[in-house]
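Observations on the model geometry
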Amino acid sequence: MTTAPPGQPERASDPRAPQGWSPAAWTRKGEAHQFAYPDAQALSRAVTRLSLLPPLVTSWEIHRLRHEIAEAQEGRRFLLQGGDCAETLEECTSGVIANKLKILIQMSLVLVHAGRKPVIRMGRFAGQYAKPRSAPTESRTVNGQEVELPSYFGDLINAAPFTPEARTPDPDRMIQGYQHAALTLNFIRSLCDAGFADLHHPENWDLRFFQHAGLTPELRIQYEAMSRDLAGALKFMEALGERSVDALSRVTFFTSHEALNLHYESALSRRVPRREGWFNLSTHMPWIGERTRRLDGPHIEYFRGIENPVGIKIGPDIDPVDLLNLVDKLNPRNEPGKIVLITRLGAANVARVLPPLVQIVRSAGKRVLWVCDPMHGNGITTAHGVKTRSFDAILKDLEQSFDVHQRLGGPGLGGVHFELTGEDVTECVGGASGLGEDDLSANYTSLCDPRLNYEQSMELAFLLAGRMRQAEG
Ligand code: PEP
Ligand code: CO
């Protein structure tokens, strides 16, 4: 194994890396972060330590994901990406992790059935610990005094309690984040190896949400029929002993997170024996957030040198030409399986903003996968100051994105990106269970954005499946 030198790896001279690029080249591109580590020596120690620790994922897994994304770009697979807005170290527990896998598996099966194609399952987990914030600091009145402290940037950087100690960025948290990502991934890999979910028996699924009074009789009948149908289809394929069933039913998960903290990401970027290129071995698919995708900024500088597939979040204000420049900079050779465009436009903007984006990318002949994130453009705050999202707006964003891609021809919408949890939280309003604003306080545990709960997630999967089947005719 080629071991990176301690500290930020500077050695590039790789045939696939851009001229003059190294994992640490981003440090020459100006301020990368909204936060600063007060102790430079402690930072350097943590980065050195990280750069010597073993990788969390492997280059061959990354290559396999690129291959699967390439197929999705041609309409032969569909991507389901989901998980917490922010993972926390505290919630690195067996129940929480298993429930996240379970909801993703169940949703993916509904989508496999509807789309008649394999689904790439990708968690926002095992490293989703760093959060961009709308402001670098937060002010609160404490004992009658106005106190200003750094915002909470996720457990990889600082801690949530509003005290100077907790909010001071601590580089050792990168080591803790790495360790918790490793523990999470270890458990996920063991569960998958042990046949955690028996995909051939979906009648065992937990479909509690069918019992809710809010569900209309037609919807209940439709969902139950779809679930029976799915059970039958899997049994039939199993009986035939088709090898392709294995590919459908074998549960594999890929990991992803927002690569916000470039100290962490570059320390875990490595070269490996017998393969060209630099790999970010902290996750399979890192993504670039809406707030950090400046063409000449440090994040794009870092991302342009790695081999991983890369997600790019796209908000409603993007100029189509800027999007094209981003795609070009990150994938100058227009390689398949590399670029995943995650639009988070907001239900009110999709019909206006999405078509020119799709058209410009298509006319330029760029290979990309279009994924809809119906969460991040649809945040609202209640009269009581609680951050939430409405199920209806999320659904509308999703349906409109689906329709735009369908109308424009080509392979259509290639995936979806949700903030969700397998727990019964009360963070988003709406859905068949009729969760209202007054219910939000019952079990609101997200430290950042509101997530869909188990029932809301399953309901969305069924509604999306309905659209997909309609489209199939
Ligand atoms: C997120 O995915 O949690 C996030 C912050 O998204 P965006 O960059 O799209 O706002
Ligand atoms: Co979020």
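Fair warning: this is a prediction, and the values are worked out from it, not measured in the lab. (Residues numbered from 1 in each chain as written. Chains lettered and ligands numbered in written order. Predicted model: local features only at pLDDT ≥ 70, side-chain atom pairs only at ≥ 80, totals over all residues. Heavy atoms only, no water.)

Another point: the pattern of salt bridges. On inspection of all chains with the given rule, the structure shows 28 salt bridges. Put simply, K366 and D328 hold a salt bridge, and the shortest N to O gap is 2.8 Å. With K366 in the loop between α11 (350-363) and β11 (369-372) and D328 in helix α10 (residues 320-330), this pair connects stretches of sequence that are 38 residues apart. Notably, a salt bridge pairs R333 with E335, separated by 3.1 Å at the nearest N-O pair. Looking at E335, the relative accessible area reads 16%, which means it is buried. Several salt bridges converge on common partners, so that one network encompasses R64, E68, E71, E74, R76 and R77. (Salt bridge = Lys/Arg side-chain N within 4 Å of Asp/Glu carboxyl O. Helix = DSSP H or I, 4+ residues; strand = E, 2+ residues; numbered from the N terminus. Buried < 20%, exposed > 50% of the residue type's maximum accessible area, 1.4 Å probe, protein only.)

What follows deals with the coordination of the cobalt ion (ligand 2). Geometry reference: four tetrahedral donors at a metal, ideal angle 109.5 degrees. Six octahedral donors, ideal angles 90 or 180 degrees. Protein-derived coordination of the cobalt ion (ligand 2) comes from C85 (SG), H376 (NE2), E419 (OE) and D449 (OD), at a distance range of 2.1 to 2.5 Å. Along the chain, the residues donating to the cobalt ion (ligand 2) are arranged with the sequence spacing C-x290-H-x42-E-x29-D. Here C85 is found in the loop between β1 (78-83) and α3 (94-115), whereas its partner D449 is found in the loop between β14 (415-419) and α13 (454-472), with 364 residues between them in sequence. For C85, a relative accessible area of 1% translates into the label buried. For D449, a relative accessible area of 15% corresponds to the buried category. (Donors = N, O, S within 2.8 Å, 3.2 Å for Na, K, Ca; no water.)

A few words now on the site of ligand 1. Taken together, 13 residues form the shell around ligand 1, and within it R124, K131, E290, K313 and R344 come nearest. In this structure, R291 approaches ligand 1 through a side-chain N or O atom, which is 3.0 Å from an oxygen atom. Here an oxygen atom of ligand 1 sits 3.0 Å away from a polar atom, N or O, in the side chain of E419. Computed on the free molecule, ligand 1 has an accessible area of 290 Å², of which 98% lies beneath the protein chains in the complex. Residues of the shell around ligand 1, tallied by class, amount to three nonpolar, two polar and eight charged. (Near = heavy atom within 4 Å. Polar contact = N/O pair within 3.5 Å; in protein donor to acceptor, adjacent residues only side chain to side chain. Areas by Shrake-Rupley, 256 points an atom, 1.4 Å probe, with all protein chains shown as cover. Nonpolar A, V, L, I, M, F, W, Y, C, P; charged D, E, K, R; others polar.)

For the rest of this paragraph, the subject is the nonpolar core. L50, M174, V416, F418 and L452 are the most contacted members of the largest nonpolar core, which has 70 residues in total. Broken down by element, this core gets its largest block of residues, eleven residues, from α3. Here F418 is in contact with L80, Q81, G82, G83, M107, R124, P374, M375, L398, L452 and L460, once residues within four sequence places are set aside. Ranked by size, the runner-up nonpolar core spans 33 residues in total, among them W26, V310, I314 and W370. (Core = buried A, V, L, I, M, F, W, Y, C linked by side-chain atoms within 4.5 Å. Contact = heavy atoms within 4.5 Å.)

Turning next to the sheet that holds β1. Paired through their backbone hydrogen bonds, the strands of a sheet run either parallel or antiparallel. Around the barrel, eight strands lie side by side as β1-β2-β5-β8-β9-β10-β11-β14; this closed barrel has parallel pairing. For this sheet the average axis-to-axis angle between neighbouring strands, irrespective of direction, equals 25 degrees. Where strand β10 (residues 339-343) meets β11, four bridges bridge the pair, whose relative direction is parallel. When the sheet's bridge partners are listed, I342 is paired in β11 with V371. Its contacts with the sheet put α11 on β9 (310-314), β10 and β11, and the angle it makes with β11 is roughly 165 degrees. (Pairing = 2+ DSSP bridges. Axes fitted to C-alpha atoms, helices over the stretch in contact; angles between N-to-C directions.)

Bringing the packing of α3 against helix α5 (residues 172-193) into the picture now. In contact at an axis separation of 11 Å, α3 and α5 are set at 55 degrees when each is read in the N-to-C sense. In terms of orientation, α3 and α5 fall into the oblique class. Judged by the twist between their axes, the crossing of α3 over α5 is right-handed. Here α3 contributes S94, I97, A98 and L101 to the contact with α5, which in turn contributes T184, F187, I188 and L191. In the contact of α3 with α5, the residues fall into six nonpolar, two polar and no charged. (Parallel < 35°, antiparallel > 145°, perpendicular 65-115°, else oblique. Left-handed = near helix turned anticlockwise from the far one by under 90°.)

The terminal C-alpha atoms of α5, which comprises 22 residues, lie 32 Å apart, in line with the 32 Å expected from a rise of 1.5 Å per residue. Of the positions making up α5, those classed as buried are R173, M174, I175, G177, Y178, H180, A181, T184, L185, I188 and L191. Along its buried surface, α5 packs onto α1 (40-52), α3, β5 (254-258) and α8 (262-267). (Expected span 1.5 Å × (residues − 1).)

Let us look at the confidence of the model for the protein chain. Across the protein chain, pLDDT averages 90, with 89% of residues at or above 70. Averaged over each element, pLDDT in the protein chain is lowest for helix α7 (residues 243-249) (48) and highest for β10 (99). Within the model, pLDDT remains below 50 along residues 1-11, and this stretch shows 34 contacts once partners closer than five positions in the same chain are excluded. With pLDDT under 50 throughout, residues 242-248 is counted as low confidence; its partners more than four residues away or in other chains account for ten contacts. (pLDDT = per-residue confidence, 0-100.)

Regular strands show a simple pattern: their side chains alternate between the two faces of the sheet. Side chains L369 and V371 of β11 all project onto a buried face; the interleaved residues W370 and C372 project onto the opposite face, where all are buried too. After leaving β10, the chain enters α11 and then returns to the sheet as β11, a path that is right-handed. Note that β11 and β14 share two bridges and pair parallel. Looking at β14, one finds that C372 is bridged to V416. (Right-handed = clockwise from strand over helix to strand, strands pointing away.)

Glancing now at the pairing of strand β3 (residues 137-142). In terms of strand pairing, β3 meets strand β4 (residues 145-150) through six bridges, oriented antiparallel. In the sheet register, S139 faces β4, and the bridge partner there is E148. In this structure, the hairpin formed by β3 and β4 is closed by a connection of two residues, where N143 is found at a positive phi of approximately 50 degrees.

Attention now moves to helix α12 (residues 391-407). At 3.6 residues per turn, the α-helix brings residues three or four places apart onto the same side. When the terminal C-alpha atoms of α12 are compared, their 24 Å separation across 17 residues agrees well with the 24 Å that a helix rising 1.5 Å per residue should span. Within α12 the residues assigned to the buried category are F391, I394, L395, D397, L398, S401, F402, V404 and H405. Looking at the buried positions of α12, the neighbouring elements they touch are α11, β11, β13 (387-389), β14 and α13. Taken from the residues just after α12, G409 is the one with a positive phi, measuring 80 degrees.

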